Amino acid sequence: MTLENYPYRSEQIEDRLQIVHHRPMPLAEQDMYRFILASIDLTTLEGTDNDHVVEELCQKALDFKTSKGCMPAAVCVYPPLVNVASKMLQKTPVTIASVAGAFPAGQSPIDIKVAEVRYALEQGADEIDMVISRGTFLKGDYQTVYDEIAAIRKACASAKLKVILETGELKTPQNIFKASQLAIAAGADFIKTSTGKITVNATPEAFLVMMDAIKFHYQNTGKKVGVKAAGGISDPDTAIYYVKLLHNVLGAEWMNRDLFRIGASRLASKIAEKIR
């Protein structure tokens, strides 16, 4: 499999990030906050999760509609709890996402990963957030990584597939760019930064590299792929910066929940407080 090398040096990445810092917001302040809230995947992925925890999370999503007039894009839970979320959020615009495929390590045989994906879909998931096997990628076995993503893409059928790269473990722009290309080529609807389960989660540098891969793919094929920043985005100013990056690199066409998401449950209430 042929993968292109990333064309920008580290200092060029930093220069581009600094330029965006000083650019105005692409939307009026209140519209920006509403856009961010409508792009959030409300998430609970803890070992203590149960029906009650998921019900409270779903109620939080419903309460945003009552108090702020808008709702998050999705609620994301573990596969056994998908049915709980699906029942509470039926007939709302909030989609049900589930991590599946040996989240968060990606360290299981592909038939087990696919079986978990199918189970989540049977329970009512509209979206699947899978994670690549970084160990396989880092030893250079790109074909296996591609094949696993493609197998899960096939199992998803019409459900949306978000492929988590875990950029904090890939570390270099070259690795992040190549992993982005692999995921896109294998059929990802979204590429996503992180699981939120390691020390280094979403970073502007990784997000920029991923968007460059999306942009190059779009320029070559005309196909749009979404991008999700997840992990560590916990305050409105940081979220605004990520939206500025999105608008600067990919443009206004990506400014919608079908092509942009933020995985940041702690952020939702803080953004809601900003909405008048």
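Refer to the preceding data block for the structure.
Report follows, based on the coordinates.

### What to know about the overall build of the protein chain
Then, in step 1: Helix and strand content of the protein chain: twelve helices and eight strands.
Then, in step 2: For the protein chain, the C-alpha radius of gyration of 18 Å lies close to 19 Å, the compact-globule estimate for 276 residues.
Then, in step 3: Overall size of the protein chain, expressed as C-alpha extent along the three principal axes, is 50 × 50 × 35 Å.
Then, in step 4: Counting only contacts in the protein chain whose residues sit at least 6 apart along the sequence, the fraction spanning at least 24 positions is 76%.
Then, in step 5: Carbon and sulfur atoms form 49% of the exposed surface of the protein chain, whose accessible area is close to 11,900 Å².
Then, in step 6: For the protein chain, the distance from the average position of its 32 positive side-chain charges to the average position of its 32 negative side-chain charges is 3 Å.

### Notes on the pairing of strand 7 (residues 226-230)
Two faces belong to every sheet, and in a regular strand the side chains alternate between them.
Then, in step 1: The buried fraction of strand 7 is high, at five of five residues.
Then, in step 2: Side chains of strand 7 alternate between two faces, with Gly 226, Lys 228 and Ala 230 and Val 227 and Ala 229 buried alike.
Then, in step 3: Relative to strand 7, strand 6 (residues 190-192) is paired through three bridges, and the arrangement is parallel. Its bridge partner lying in strand 7, Ile 191 is registered against Val 227.
Then, in step 4: Here strand 7 runs beside strand 8 (residues 260-263); their pairing, made up of four bridges, is parallel. Along strand 8, the bridge assignment pairs Lys 228 with Arg 261.
Then, in step 5: Once you follow strand 7 into helix 11 (residues 236-249) and on to strand 8, the crossover reads as right-handed.

### Focus: the nonpolar core
Then, in step 1: Counting 89 residues, the largest nonpolar core has Ile 36 and Val 75 as its most contacted members.
Then, in step 2: Beyond its immediate chain neighbours, meaning those up to four positions away, Ile 36 contacts Ala 239, Ile 240, Val 243, Ile 262, Leu 267 and Ile 271.
Then, in step 3: In terms of nonpolar packing, the next biggest core, distinct from the first, is built from seven residues, Cys 76, Ala 97, Val 131 and Ile 164 among them.

### Observations regarding helix 3 (residues 51-68)
Then, in step 1: Its 18 residues give helix 3 an end-to-end C-alpha distance of 26 Å, which sits within 8% of 26 Å, the value for a rise of 1.5 Å per residue.
Then, in step 2: Among the residues making up helix 3, those that are buried are Val 54, Leu 57, Cys 58, Ala 61 and Phe 64.
Then, in step 3: Among the structural elements, helix 2 (29-39), strand 1 (41-43), strand 2 (74-77), helix 4 (82-89) and helix 12 (265-274) are those in contact with the buried residues of helix 3.
Then, in step 4: Among the residues trailing helix 3, Gly 69 stands out with phi positive, at a value near 80°.

### Points about the environment of Met 130
Then, in step 1: One can find Met 130 in strand 4 (residues 127-131).
Then, in step 2: On the basis of relative accessibility, which here comes to 2%, the residue Met 130 falls in the buried class.
Then, in step 3: Note: C-alpha distance between Met 130 and Leu 208 (78 residues apart in sequence) is 21 Å.
Then, in step 4: Every residue in contact with Met 130, bar those within four places of it in the chain, is listed here: Ala 100, Ile 149, Ile 152, Leu 161, Lys 162, Val 163 and Ile 164.

### Here we look at helix 1 (residues 10-21)
Each turn of an α-helix holds 3.6 residues, which means side chains three or four residues apart point in the same direction.
Then, in step 1: Here helix 1 is twelve residues long and its end C-alpha atoms lie 17 Å apart, about the 16 Å a rise of 1.5 Å per residue gives.
Then, in step 2: Buried within helix 1 we find Ile 13, Leu 17 and Val 20. Projected onto a plane normal to the axis of helix 1, the buried residues spread over an arc of 60° and lie on a single side.
Then, in step 3: Buried residues along helix 1 sit against helix 9 (173-185), helix 10 (204-221) and helix 11.

### Describing unusual backbone geometry
Then, in step 1: Put simply, Phe 103 and Pro 104 share a cis peptide bond, and its omega is 5°.
Then, in step 2: For Pro 104, the location among the structural elements is in the loop between strand 3 (95-99) and helix 5 (110-122).
Then, in step 3: Of note, Lys 91 is a non-glycine position whose phi angle comes to about 65°, a positive value.
Then, in step 4: Looking at where Lys 91 falls in the secondary structure, it is placed in the loop between helix 4 and strand 3.
Then, in step 5: The exposed category is assigned to Lys 91, whose relative accessible area is 87%.
Then, in step 6: Residues other than glycine seldom take positive phi values, yet Glu 166 does so here, at roughly 55°.
Then, in step 7: Considering the arrangement of structural elements, one finds Glu 166 in the loop between strand 5 (160-164) and helix 8 (167-170).

What counts and what doesn't
- Residues numbered from 1 in each chain as written.
- Predicted model: local features only at pLDDT ≥ 70, side-chain atom pairs only at ≥ 80, totals over all residues.
- Heavy atoms only, no water.
- Helix = DSSP H or I, 4+ residues; strand = E, 2+ residues; numbered from the N terminus.
- Rg over C-alpha atoms; globule rule 2.2 N^0.38 Å.
- Contact = heavy atoms within 4.5 Å.
- Areas by Shrake-Rupley, 256 points an atom, 1.4 Å probe, with all protein chains shown as cover.
- Lys, Arg positive; Asp, Glu negative; His and termini not counted.
- Charge placed at Lys NZ, Arg CZ, Asp CG, Glu CD.
- Buried < 20%, exposed > 50% of the residue type's maximum accessible area, 1.4 Å probe, protein only.
- Pairing = 2+ DSSP bridges.
- Right-handed = clockwise from strand over helix to strand, strands pointing away.
- Core = buried A, V, L, I, M, F, W, Y, C linked by side-chain atoms within 4.5 Å.
- Expected span 1.5 Å × (residues − 1).
- Arc of directions from axis to C-beta.

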